[in-house]
Amino acid sequence: MEIKCVTGVAPVNIALIKYWGKRDEELILPLNDSLSVTLSTEYMHSKTSIAISPNFTEDEIWINGRKETMDSFRLRNCIAAIKNLAKEKITSEELNWKIRICTENNFPTAAGLASSASGFACFVFVLSKLYGVDAELSRIARLGSGSACRSLNGGFVQWHAGSLDDGSDSLAKQVFPVEHWPNLHCLILVVNAAKKKTSSTIGMRRAVVTSRLLPHRLEYVPQNIEKLTEAIKNKDFDSFAEITMRDSNQFHAICLDTYPPEIYMNDVSHCIASFVHQYNAAFGHAKVTYTFDAGPNACLFILEENVPLVLKTILKIFPSDTTEEGYFRGIPLDVNKIDVKKIPEINLNIPANALKFIIHTKIGDGPVILNDPGESLISPKGELLNIISEQ
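A quick note: this is a predicted structure, and the numbers were derived from the prediction, not measured. (Residues numbered from 1 in each chain as written. Predicted model: local features only at pLDDT ≥ 70, side-chain atom pairs only at ≥ 80, totals over all residues. Heavy atoms only, no water.)

Applying the stated rule across the entire model yields 12 aromatic pairs. Over the ring of Phe-56 we find Arg-100, and its NZ or CZ is 3.9 Å from the ring centre. Sitting above the plane of the Phe-357 ring, Arg-329 keeps its charged end 3.5 Å from the centroid. (Phe/Tyr/Trp six-rings, centres within 6.5 Å; stacked < 30°, edge-to-face > 60°. Lys NZ or Arg CZ within 6 Å of the ring centre and 35° of its normal.)

What follows is about the pattern of salt bridges. If charged atoms from side chains of opposite charge come close, those side chains can pair. What the rule picks out here adds up to 11 salt bridges. One salt bridge connects Glu-25 with Arg-205, and the closest N-O pair in it is separated by 3.5 Å. On the criterion of sequence distance, the pair formed by Glu-25 in the loop between β3 (22-24) and β4 (29-30) and Arg-205 in helix α5 (residues 200-210) is long-range, its members being 180 residues apart. Accessibility expressed as a relative area gives 41% for Arg-205, which makes it partly exposed. Here Asp-59 makes a salt bridge to Arg-76, at a shortest N to O gap of 3.1 Å. A residue pair is termed long-range when its members are at least 10 positions apart, and Asp-59 in the loop between β6 (45-53) and β7 (60-63) and Arg-76 in helix α1 (residues 73-85) qualify at 17 residues. Taken together, the shared-partner salt bridges connect Glu-58, Glu-60, Lys-67 and Arg-100 into one network. (Salt bridge = Lys/Arg side-chain N within 4 Å of Asp/Glu carboxyl O. Helix = DSSP H or I, 4+ residues; strand = E, 2+ residues; numbered from the N terminus. Buried < 20%, exposed > 50% of the residue type's maximum accessible area, 1.4 Å probe, protein only.)

It is worth spelling out the sheet that holds strand β10 (residues 156-159) at this point. Neighbouring strands of a sheet are bound in pairs by backbone hydrogen bonds; such pairs are parallel or else antiparallel. Within the open sheet, the 4 strands sit side by side as β2-β5-β10-β11. Their pairing is antiparallel. Edge positions in the sheet fall to β2 (13-17) and β11 (172-176), since each of these pairs with one other strand and no more. Averaged over all neighbouring strand pairs, the angle between strand axes comes to 35°, with direction disregarded. Here 4 bridges tie β2 to strand β5 (residues 34-38), and the two strands are oriented antiparallel to one another. Opposite Asn-13, over in β5, you have Thr-38 as the bridge partner. Sheet strands touched by helix α7 (residues 237-257): β2 and β10. Its angle to β2, the strand with the most contacts, is close to 95°. (Pairing = 2+ DSSP bridges. Axes fitted to C-alpha atoms, helices over the stretch in contact; angles between N-to-C directions. Contact = heavy atoms within 4.5 Å.)

Within an α-helix, residues lying three or four positions from one another point in the same direction, as the helix has 3.6 residues per turn. Taking 1.5 Å per residue as the helical rise, helix α8 (residues 267-283) with its 17 residues ought to reach 24 Å, and the 25 Å between its terminal C-alpha atoms agrees with that figure. Restricting attention to buried positions, one finds in α8 the residues Val-268, Ser-269, Ile-272, Ala-273, Phe-275, Val-276, Tyr-279 and Asn-280. Buried residues in α8, looked at end-on, bunch into an arc of 155°, giving them a common side. Seen from the open side of α8, the exposed residues pointing more than 90 degrees away from its buried face are Asp-267 and Ala-281. On its buried face, α8 sits against β12 (184-190), α7, β13 (288-292), β14 (298-303) and α9 (307-317). One side-chain oxygen of the residue at the start of α8 lies 3.1 Å from the amide nitrogen of Val-268, identifying that residue as Asn-266. Looking at the residues trailing α8, positive phi occurs at Gly-284, about 85°. (Expected span 1.5 Å × (residues − 1). Arc of directions from axis to C-beta. Polar contact = N/O pair within 3.5 Å; in protein donor to acceptor, adjacent residues only side chain to side chain.)

Counted by the stated rule, this structure contains 0 disulfides. Considering cysteine sulfurs only, Cys-149 is the nearest to Cys-78, which forms no disulfide, with 11 Å between them. Its relative accessible area of 0% is what places Cys-78 among the buried residues. Distance from the sulfur of Cys-186, which forms no disulfide, to the nearest cysteine sulfur (Cys-299) is 4.9 Å. According to the relative accessible area criterion, Cys-186 is buried, its value standing at 1%. (Disulfide = S-S within 2.5 Å.)

A few words on the side chain of His-185. Turning to its location among the elements, His-185 is positioned in strand β12. There is a polar contact of 3.0 Å between the side chain of His-185 and the side chain of His-360. Beyond its immediate stretch of four places on either side in the chain, His-185 contacts Leu-300, Phe-301, Ile-302, Glu-304, Val-307, Ile-331, His-360, Thr-361 and Lys-362.

What follows concerns the environment of Lys-342. Looking at the element boundaries, Lys-342 is found in the loop between β15 (328-330) and β16 (357-362). When its relative accessible area of 55% is taken as the criterion, Lys-342 is described as exposed. Spatially, the C-alpha atoms of Lys-342 and Lys-312 are 9.6 Å apart, while their sequence positions differ by 30 residues.

Taken in spatial order, the 5 strands line up as β13-β14-β12-β16-β15 in an open sheet, and their pairing is mixed. Looking along the sheet, the strands with just one partner apiece sit at the ends: β13 and β15. This sheet shows a mean twist of 25° between the axes of neighbouring strands, independent of strand direction. Note that β12 and β14 share 6 bridges and pair antiparallel. Each residue of the ladder has a partner; that of Cys-186, found in β14, is Phe-301. Its contacts with the sheet place α7 against β12, β13 and β14, and it is angled at close to 25° to β13.

In structure tokens form, the structure reads like this:
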């Protein structure tokens, strides 16, 4: 069987200064710049295999083992944009071959952990390699999911909102590489792995129309990005922490100011925020910072040397009676050596099993192609692997 197939992985990125609201829905042009940090693909990623063949009879996409519709205009826009750039690279016959897409995440999907960002970044990156396209891809990835453009770079990334009507200047650029601050780690506290009730697309659309706080926030985003960039440049964790938490709080205030309100954080989320502030107060300065995207799950950023004690404290404050393997995932860490006397006093009463699981990860690079055939989600014969049968 004649088939061409490429497989790759792309990272999750977590916005420190968030984008919320579009000035153009179709081109996905944001109202403001945003600044994010890319996480390692070793522990959290989207994996995508894309194949084309003259023997395929229809275009297909499989997401996390289930066949989904190809009707998404965002998906089609990305495909059309890549094919347009590929016209001089491959034959028109190959451009007309049907396409088979298989993609999966190794972390919760649509739960406020930037799964659409890594998913579309991976899709556009792999598709570009399949068709031999060598171009600036953030503009195309943005057409699938706005924040996907940031997942095409490693380290710290700024998505420039741009001002042109056609969106040609709305691009993501790396600000600092991974090597600049390699000991920046992240603990992701998964409170709820289920799909959120209100998508980010709907949430921000309502906010643009109804939130009176949103215009106020837009006035301060440029200076906040400037201050955060300076903090990252100087590896000033105290400033980094405060700016990040303030932006997260302001973002969720806008969600509450939306009418009807969009409530993404829950009681456990607020307990996590309170824990962070109490923990930092116990030491007199910032040891850990939080940010919450459009979901209840917390992303805590911590310097590597401080992770063991922070995690030990979390395990005490947020107890779990689970014996299941996989409660603690990612970078291995033995907290048994940490003296319990070092744990600061935290005034919170959290019921057991408030957290579903914890992921320990770190800052990472952008997407990569996997050349090992064993990594592919599509067999050499074009068959889809690891597919969930329809009930």
